[in-house]
Amino acid sequence: MLVTSYQAALWVLRSPRLFAKDPRRWRALAEGEVPSDSPLVPMMGYRPNCLFADGAAHVRLRQAVTDSLDRIDPHSLRALVSRNADRLIERFETKGEVELISGYASALPLLVFNELFGLPDSHGDHLVLTMARLIEGGGRAKDSDAELGRYMVRLITAKRHRPGSDVTSWLMSHPAGLTDDEMIHQCTLLLSAGIAPLQNLIANGVRLLLSDDRFAAGLIGGRLPIDAALDEILWLDPPMANFGVHFPVQDVDLAGILLRQGEPVVISYAAANTDPSVAKPGGTSGNRAHLAFSAGPHACPAKDPSRLIASVAIERLLDRVPDLEMAIDPDQLQWRLGPFQRALLTLPVSFTPVDVTRPSDMSGPWTAWPAHPWEQNWPL
């Protein structure tokens, strides 16, 4: 069942006594009606993390996440995003054109998360592809899920031997006492919930700024209406269009519709945000009542860092390449398939090449990503 009403979505999201998150309640999967190798299972199946936990288990796992994320200093995060954004922009600013998804929007969140989580940069390109295939829910989702699991095992093993000042190590040392299995799935959740949606938010924000006359005028006039554009994207084009899967703990009547026990109830954030009955006085700018980050006890704990990363990413891009414009008509843009995310396939842009002279040594993680990073050994 897909919830498309704003008020109904809020009611489901805020009623943990009636709607559980634990997918082990998924009756059709438990009884074999949905095959265990369904491409939706990697996104909707059970994992021992805070997203799929209820009650005391959820409180324990989520507290470890929120406490660890709270240790990220926003000023340091801004500097981290700016530094990596500038280094990526330096790769293409002299060329006059770039495909912005692969050249910027997908790489930047990953480079930022690499540092926040203490991940090896050399594995970045493959991780982006793995995350995209997992969220798309296609035929390669199961293999991508297995690859991600192997990646996390190696990360946790490395951090057990050599902890650092990073989110992974903070999770390990938290009083919640997470097991290795819980650590693997907590980190998997944080990465999958951070990288792909952030890529979509950055790309969709740039698309809106470049294609909508309301925002383009501000760019030409020297003003950067980035916050207003992000507000509109989060309302009208949220990076995760449909998710927030819940399972009724008993048969529930929702506005005359019977939701049966154990039947998945999916929240359409995109539909709920555009519900005609939801008035947005003054438009979307400055209005943060959207459901793009969900709501209730399972609302995204990283919405503020995520918004900061997207805002700085777009700000640095437009500052360094001020005459950026789309290289094709907006109507020609293509979107990724799949039931969950609102993601562009490509976003080609053009601009006046920047005439700069830099040392030839452009060392960085993006110049040496191995062809088969999963076969590389991590030093412990």
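Above this text you will find the structure in question.
Fair warning: this is a prediction, and the values are worked out from it, not measured in the lab. (Residues numbered from 1 in each chain as written. Predicted model: local features only at pLDDT ≥ 70, side-chain atom pairs only at ≥ 80, totals over all residues. Heavy atoms only, no water.)

**Quick look at the sheet that holds strand 2 (residues 19-20)**
This is how the line gets drawn: One requirement defines pairing of two strands: DSSP has to find at least two bridges between them. Per the convention used, a helix needs a DSSP run of H or I reaching at least four residues, while a strand needs a run of E reaching at least two, with both numbered from the N terminus.
As summarised here, the arrangement of the four strands in space is 1-7-4-2, forming an open sheet in which the pairing is mixed. The sheet is open, and its two borders are formed by strand 1 (2-3) and strand 2, each paired with just one other strand.

**What about the sheet that holds strand 8 (residues 325-326)?**
Spatially, three strands are ordered 3-9-8 in an open sheet, and the strand pairing comes out antiparallel. Edge positions in the sheet fall to strand 3 (97-99) and strand 8, since each of these pairs with one other strand and no more. When strand 3 meets strand 9 (residues 348-350), the two strands line up antiparallel, connected through three bridges. What sits directly across from Glu-99, in strand 9, is Pro-348.

**Some words on the packing of helix 11 (residues 180-211) against helix 15 (residues 303-320)**
Stated precisely, the cut-off is as follows: Think of each axis as a best-fit line through the C-alpha atoms, taken over the contacting stretch in the case of a helix, with angles from 0 to 180 degrees between the N-to-C directions. Note that the term roughly parallel is reserved for angles under 35 degrees, roughly antiparallel for angles over 145, roughly perpendicular for angles of 65 to 115, and oblique for everything else. Two helices that cross are described as forming a left-handed crossing if the nearer one is turned anticlockwise from the farther one by less than a right angle, and a right-handed crossing if clockwise. Note on definitions: a residue-residue contact is assigned when non-hydrogen atoms from the two residues lie within 4.5 Å. When residues are grouped by polarity, Ala, Val, Leu, Ile, Met, Phe, Trp, Tyr, Cys and Pro land in nonpolar, Asp, Glu, Lys and Arg in charged, and all others, Gly among them, in polar.
For the pair helix 11 and helix 15, the least separation of the axes is 10 Å and the interaxial angle reads 45 degrees. In terms of their interaxial angle, helix 11 and helix 15 are classed as oblique. The handedness of the crossing between helix 11 and helix 15 comes out as right-handed. Residue-level contacts link Leu-198, Leu-201, Ile-202, Gly-205, Val-206 and Leu-209 of helix 11 to Ser-306, Ile-309, Ala-310, Ala-313, Ile-314, Leu-317 and Leu-318 of helix 15. Residues that form the contact of helix 11 with helix 15 fall into these classes: 11 nonpolar, two polar and no charged.

**Looking at the nonpolar core**
To be explicit about the condition: For this analysis, a nonpolar core means a set of buried residues of the types Ala, Val, Leu, Ile, Met, Phe, Trp, Tyr and Cys, connected via side-chain atoms within 4.5 Å. Under the scheme applied here, a residue whose accessible area is under 20% of the maximum for its type counts as buried, over 50% as exposed, and between as partly exposed, the area being computed with a 1.4 Å probe on protein chains only.
The biggest cluster of nonpolar side chains holds 111 residues, and the ones touching the most others in it are Leu-77, Tyr-104, Leu-171, Leu-324 and Leu-347. With 15 residues, the top contributor of residues to this core is helix 11. What Leu-77 contacts, discounting residues up to four positions off in sequence, is Ile-72, Val-112, Leu-116, Pro-305, Leu-308 and Ile-309.

**Structural notes on helix 15**
Worth spelling out the cut-off: Given the number of residues in a helix, its expected span is that number minus one, multiplied by 1.5 Å.
If you check helix 15, its first and last C-alpha atoms are 26 Å apart, about what 18 residues at 1.5 Å a residue would give, namely 26 Å. Across the 18 residues of helix 15, 13 count as buried, placing the element largely inside the fold.

**Points about empty space enclosed by the protein**
Our working rule: Here a cavity denotes a set of grid points, spaced 1 Å apart and computed over the protein atoms alone, in which a 1.4 Å probe fits but from which it cannot get out, and a pocket denotes an open set meeting protein on both sides within 12 Å along at least five of seven lines; residues with an atom within 4 Å of a point are reported as lining. Grid points are joined across faces, edges and corners, and a volume is the space filled by probe spheres set on the points.
If you walk through the whole model with that rule in mind, you get two cavities of 30 Å³ or more. Each pocket or cavity is described by its volume, and for the largest cavity that value is around 870 Å³. Forming the walls of the largest cavity are 46 residues, and the residues nearest its centre are Leu-189, Ala-193, Gly-194, Pro-197 and Cys-300. Elements that contribute at least two residues to the lining of the largest cavity include exactly helix 3 (41-44), helix 4 (55-69), helix 7 (107-117), helix 8 (124-136), helix 11, strand 4 (242-248) and helix 15. Looking at which element gives the most residues to the lining of the largest cavity, the answer is helix 11, with nine residues. Taken together, the residues of the lining of the largest cavity break down into 34 nonpolar, nine polar and three charged. A volume near 40 Å³ is recorded for the second largest cavity. Val-12, Leu-13, Ser-15, Pro-16, Phe-19, Ala-20, Lys-21, Asp-54, His-246, Pro-297 and His-298 together form the lining of the second largest cavity. At the level of secondary structure, the elements contributing two or more residues to the lining of the second largest cavity comprise helix 1 (6-13) and strand 2.

**Some points on the side chain of Gln-186**
Topologically, Gln-186 is positioned in helix 11. Residue contacts for Gln-186: discarding those within four places in its chain leaves Asn-49, Cys-50, Leu-61, Val-65 and Leu-178.

**A short note on the pairing of strand 7 (residues 265-268)**
By the alternation rule, side chains of strand 7 split into Val-265 and Ile-267 and Val-266 and Ser-268, which are all buried. In this structure, strand 1 lies alongside strand 7, joined through two bridges in parallel fashion. Bridge pairing in strand 7 places Leu-2 opposite Val-266. Bridge count between strand 4 and strand 7: three bridges; the pairing is antiparallel. By the bridge assignment for strand 7, Asn-242 is matched with Ser-268.

**Let's talk about the side chain of Asp-166**
What counts here: A 3.5 Å cut-off defines polar contacts: any pair of N or O atoms within that distance qualifies, except that in protein one atom must be a possible hydrogen donor and the other a possible acceptor, and neighbouring residues in sequence count only when both atoms are side-chain atoms.
Of note, Asp-166 is situated in the loop between helix 9 (141-161) and helix 10 (167-173). A distance of 2.7 Å separates the side chain of Asp-166 from the backbone nitrogen of Ser-169, its partner in a polar contact. Those residues in contact with Asp-166 that sit more than four places away from it in its chain are Glu-115, Leu-116, Phe-117, Gly-118 and Lys-159.

**What about the packing of aromatic side chains?**
Basically, it comes down to this: Any Phe, Tyr or Trp ring, taking Trp's six-membered ring, that has another such ring centre within 6.5 Å forms a pair; planes under 30 degrees apart are called stacked, those over 60 apart edge-to-face, and the others tilted. In this scheme, Lys NZ or Arg CZ marks a charge over a ring once it lies within 6 Å of the ring centre and within 35 degrees of the ring normal.
On inspection of all chains with the given rule, the structure shows seven aromatic pairs. Their ring planes at 90 degrees and their centres at 6.4 Å tell us that Phe-92 and Tyr-104 sit as a pair that is edge-to-face. Of this pair, Phe-92 sits in helix 5 (residues 74-92) while Tyr-104 is found in helix 6 (residues 100-105), placing the two residues 12 residues apart along the sequence. Exposure remark for Phe-92: the relative accessible area of 4% places this residue in the buried category. Aromatic side chains Phe-243 and Phe-340 sit 5.4 Å apart centroid to centroid with 85 degrees between the ring planes, which places their arrangement in the edge-to-face category. Taken together, the positions of Phe-243 in strand 4 and Phe-340 in the loop between strand 8 and strand 9 put the pair 97 residues apart, joining distant regions of the chain. Note on Phe-340: relative accessible area 4%, which makes it buried. Every member of this aromatic cluster is reached through a ring pair, and the members are Phe-92, Tyr-104 and Phe-351. When the ring centre of Tyr-46 is taken as origin, the NZ or CZ atom of Arg-24, which lies over that ring, is 3.8 Å away.

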